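Below are the chains, spelled out letter by letter.
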Amino acid sequence: MTTPTVIDQKRPGGLANRLRSRLQQFLAFGGLIVIFAFFSFASPNFLTFSNFTSMLFSTVVIGTLAIGTTFVIITAGIDLSLGTGMSLCAVMSGVFIVNWQLPLLLGVVLAILFGGLIGLVNGINVALLKIPPFIATLAMMLVAQGLALVISKSTPIYFDKVPAFSSISTGNLIPGLNFPNAVIILAIVAVIAAVVLNKTVLGRYTYSIGSNEEATAISGINTRKWLIVIYTFSGLFIGLAGVMISARLGSAQPALGSGYELQAIAAVVIGGTSLFGGKGSILGTVIGALIMSVLNNGLQIISVPQEWQNVILGIVILAAVYTDNIRRRGVSA
Amino acid sequence: MRRKTIGVIAAAAVFAMTLAGCTAGSSGSGSTSTSGGSSSEPYIAIISKGFSQQFWQAVKNGAESEATKEGARITFEGPPTESDVEQQITMLTNALAKKPDAIGFAALDSKAAAPLMEQAKSSKIPVIAFDSGVDSTVPVTTAATDNKAAAAEDAKHLSELLNGKGTIGLVIHDQTSKSGTDRRDGFMDWMKKNSPDIKMLDPQYSNSDLAKAADITKSIIAANPDIAGFYGSNEASAEGVAKGIQESGKTGLKAVGFDSGKAQIDAINSGVLSGSITQNPVGIGEAVVKAAMKAIKGESQPKFIDTGFFWYDKTNIDDPKIKALLYQ
């Protein structure tokens, strides 16, 4: 999945870095397998086709957000506007498709682009106005939450007149198989994101800005411009997540979404992307998101009281980051 | 010199943020509504549990129309989600600071507001609790659905639908508010007492997140192949149960809900949900303002105002009497 990037090769220690990032993926993947095996053993009802698809299905929204924000986190940034930005995009998809009655495809594209707009504003605030990403996106989180309520007049927008919209998420492209389209879309999106991160200029600059922004700038790259591009690109995923959640629910829920950003960030971190930047992968993020939803689902299946489910989830996040740290210390020693 | 400038800017920024915080706090995520304009009108500040769910909009409409009738001025606000206990406390604090003539308050957490209740008492501002009670003797009265009785009615209907046997899943909207615990306990108590052959799984909590409720429902269906029925304890939970059942593709399940809302009504019409309990949100809003006016005038009133509830299903959903209580 991961292939060498030009910048990586030029940078001293790039090869070792790559190996390390691979190793973290293996660790995360190993963790996923262990968790999966444990639940399969603990309950005969865990490993069934329908439960398997519903686990994948519940990964879609968080997964989409996490994949997009992987880019931002690799630049050593953070995006807290993911969750409420997603609600705002969901509401906008309702405005475009239901209120304005635009053609479905156009409405979906506009909603995704609206996510890009959110990212663009974040990018300008971070790169040009030099507002720390945490603050810039915290502000955007509040703005988006407020706007979602204002624009929707605090009422959900229903898509029942446009049944085709829901089939984006819940329809079955594969005939005769109850396998939701949303999962297929997530897979396609993951592949596209991985290609962009590993094979394009955008991806290369994402890594190099995260590794050392100053050095990147000195080497003649317009880091401001590229940061804006990266945030905007990542914003498109916020838009897509907004479309996916409203398609799944058949309604745009303006109050839903706060808290989703932290779940998405957790997925990215479990997947081995460093919050300090310069390191990370889409595959890792996808595995991280899967670990989160497999844990959620599995703990429910084996009837762990809900109060404890969050405790366990928190411990898993700590364990993931801790093993990552130990390993890194081991390598550099 | 430069450090000084930065200091000034920082101070200005902090000041601006404080100001912004105050305004944000006072207007919250809710909107301010006024009727009439004269300042001699009694002012009632209403803090609800939520704002965007249709239920709260219906409560707001009821409160507004009653306020117009009685010549009162009201504001109606609520936190963005029903887990924002702290934010709600801030709203209540700010409302008290405005020295209203009365306060309407629907507590997200029945205990968290107790100190503020004492503060209201010492400033002689009468408090009308609504929707869920507060663990305090301060409120003059509580205008609410008898949630335990309403949940028991839901249990009775689900038991009948299942002929008194089978495994059922419970999706409850939260575990801290009184409406959450009452609707859980009212349902479970009735089942245990009257329908011992129905096996209830441990309740799961949706935090009023529709997507989460749907995922929980699907997990329960996956974990319990013999599942026969579901209970969803509010709008988001019931709609999530319906969504989860549909997504799982499992048929033959009986599910009952609570409240209304467009998706829930659609689910009842299409048969995914067998029926639901509707409260009387407009009536709750009216009762709050009515009780507040009485309290302002110093009239006595009962400690509890039962605003009523009704079972509705496919057969009576279009009955004008029921239809008036349902909101889309």
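Each chain carries its own residue numbering, running from 1 in the written order of its sequence. Note on labels: chains are lettered from A, ligands numbered from 1, in written order. The predicted nature of this model means local features are confined to residues of pLDDT at least 70 and side-chain atom pairs, given and counted, to a pLDDT of 80 or more, with totals for whole chains, interfaces and linings taken over all residues.

*Asks:* Report on the overall build of chain A, specifying residues and quantitative values.
*Replies:* A run of H or I in DSSP counts as a helix once it spans at least four residues, and a run of E counts as a strand once it spans at least two, with each numbered from the N terminus. Within chain A, the regular secondary structure consists of 14 helices and two strands. Its C-alpha atoms give chain A a radius of gyration of 20 Å, within 12% of the compact-globule value 20 Å for 333 residues. To assign burial, the other C-beta atoms lying within 10 Å of each residue's own C-beta are counted, with C-beta atoms placed from the backbone; 20 or more indicates buried, 12 or fewer indicates exposed, and intermediate counts indicate partly exposed. Within chain A, buried positions represent 54% of all 333 residues. The contact criterion used is a C-beta to C-beta distance within 7 Å, with each C-beta placed from the backbone. Once local pairs closer than 6 in sequence are excluded, the contacts in chain A between residues at least 24 apart make up 79%. Throughout, radius of gyration means the C-alpha value; the globule benchmark is 2.2 Å times the number of residues raised to the power 0.38.

*Asks:* Can you tell me about the interface of chain A and chain B, naming the residues and giving the values?
*Replies:* With 31 residues of chain A in contact, the opposing surface of chain B contributes 27 residues. Looking at the side of chain A that touches chain B, the elements that each hand over two or more residues are helix H3 (49-74), helix H6 (133-152), helix H11 (223-249) and helix H13 (282-301) of chain A. Ranked by residues supplied to the side of chain A that touches chain B, first place goes to H3 of chain A with four residues. Note on residue classes: Ala, Val, Leu, Ile, Met, Phe, Trp, Tyr, Cys and Pro are nonpolar, Asp, Glu, Lys and Arg are charged, and everything else, Gly too, is polar. Per-class residue counts for the side of chain A that touches chain B are nine nonpolar, 20 polar and two charged.

*Asks:* Let's hear about unusual backbone geometry: which residues, and what values?
*Replies:* All names here are of chain B. Phi is positive for Lys99, which is not a glycine, with a value near 50 degrees. Here Lys99 is to be found in the loop between helix H3 (85-97) and strand S3 (102-105). For Asp259, which is not glycine, the phi torsion reads 70 degrees and is therefore positive. Its place among the elements puts Asp259 in the loop between strand S10 (254-258) and helix H9 (262-270). What makes Asp259 buried here is the crowd of 27 C-beta atoms within 10 Å.

*Asks:* An account of H11 of chain A is requested, with residue identities and associated values reported.
*Replies:* Residue and element names in this part refer to chain A. In this model H11 runs 39 Å from its N-terminal to its C-terminal C-alpha over 27 residues, within 8% of the 39 Å that 1.5 Å per residue would give. Burial within H11 is extensive, with 25 of its 27 residues counted as buried. Once H11 ends, the next one or two residues include Gly250, with phi positive near 65 degrees. In a helix, the anticipated span is given by 1.5 Å times the number of residues less one.

*Asks:* Quick one: what's the story with the pairing of strand S1 (residues 43-47) of chain B, residue by residue and with numbers?
*Replies:* Residues and elements named next belong to chain B. With respect to burial, S1 is a largely interior element, five of its five residues being buried. Burial along S1 is two-sided: the face carrying Tyr43, Ala45 and Ile47 and the face carrying Ile44 and Ile46 are both buried. Bridging between S1 and strand S2 (residues 73-77) involves five bridges; their strand directions are parallel. The residue of S2 that forms the bridge with Ile47 is Glu77. Handedness of the crossover is the feature at issue here: the chain leaves S1, passes through helix H2 (residues 54-70), returns alongside S2, and the resulting connection is right-handed. Any two strands with at least two DSSP-identified bridges between them are counted as paired. Look down the strands so they point away from you; if going from the first strand over the helix to the second traces a clockwise path, that crossover is right-handed.

*Asks:* Could you give an account of the nonpolar core, naming the residues involved and the relevant values?
*Replies:* We define the nonpolar core as any set of buried residues of the types Ala, Val, Leu, Ile, Met, Phe, Trp, Tyr and Cys, connected via C-beta atoms lying within 7 Å of each other. If you look at the biggest cluster of nonpolar residues, it comprises 192 residues, and the most contacted ones within it are Leu65 of chain A together with Phe105, Ile128 and Val288 of chain B. The element that contributes the greatest number of residues to this core is H11 of chain A, accounting for 17 residues.

*Asks:* Quick rundown of the sheet that holds strand S12 (residues 304-306) of chain B? Include the residues and the values.
*Replies:* Within a sheet, neighbouring strands are paired by backbone hydrogen bonds and run either parallel or antiparallel to one another. Residue and element names in this part refer to chain B. Pairing is parallel across the open sheet formed by six strands, whose spatial order is S2-S1-S3-S4-S5-S12. Looking at which strands have only one partner, the edges of the open sheet turn out to be S2 and S12. Direction aside, neighbouring strands of the sheet carry axes that sit 20 degrees apart on average. Geometry is summarised by axes, namely lines fitted to C-alpha atoms with helices restricted to the contacting stretch, and by angles between N-to-C directions that run from 0 to 180 degrees.

*Asks:* Could you give an account of the packing of H2 of chain B against helix H10 (residues 281-297) of chain B, with specific residues and numbers?
*Replies:* Residues and elements named next belong to chain B. Closest axis-to-axis distance for the H2/H10 pair is 6 Å, and the angle between their directions is 40 degrees. Here H10 runs oblique to H2, going by the angle between their axes. H2 and H10 meet at a crossing whose hand is right-handed. Contacts between H2 and H10 pair Phe55, Ala58, Val59, Lys60, Asn61, Gly62, Ala63, Glu66, Ala67 and Glu70 from the former with Pro281, Val282, Gly283, Ile284, Gly285, Glu286, Val288, Val289, Lys290 and Met293 from the latter. Split into classes, the residues belonging to the contact of H2 with H10 amount to eleven nonpolar, four polar and five charged. Under this scheme an angle from 65 to 115 degrees is roughly perpendicular, one under 35 degrees roughly parallel, and one over 145 degrees roughly antiparallel; angles in between are oblique. Note on convention: near helix rotated counterclockwise from far helix by under a right angle means a left-handed crossing. Clockwise means right-handed.

*Asks:* With reference to specific residues and values, describe the confidence of the model for chain A.
*Replies:* All names here are of chain A. Predictor confidence is given residue by residue as pLDDT, running from a minimum of 0 to a maximum of 100. Mean pLDDT over chain A: 88, with 90% of residues reaching 70 or higher. At the level of individual helices and strands, chain A shows its lowest average pLDDT in helix H1 (residues 6-10), which scores 43, and its highest in helix H5 (residues 104-128), which scores 97. This stretch, residues 1-12, has a pLDDT under 50; its non-local contacts, to residues over four places away or in other chains, come to 25 contacts.

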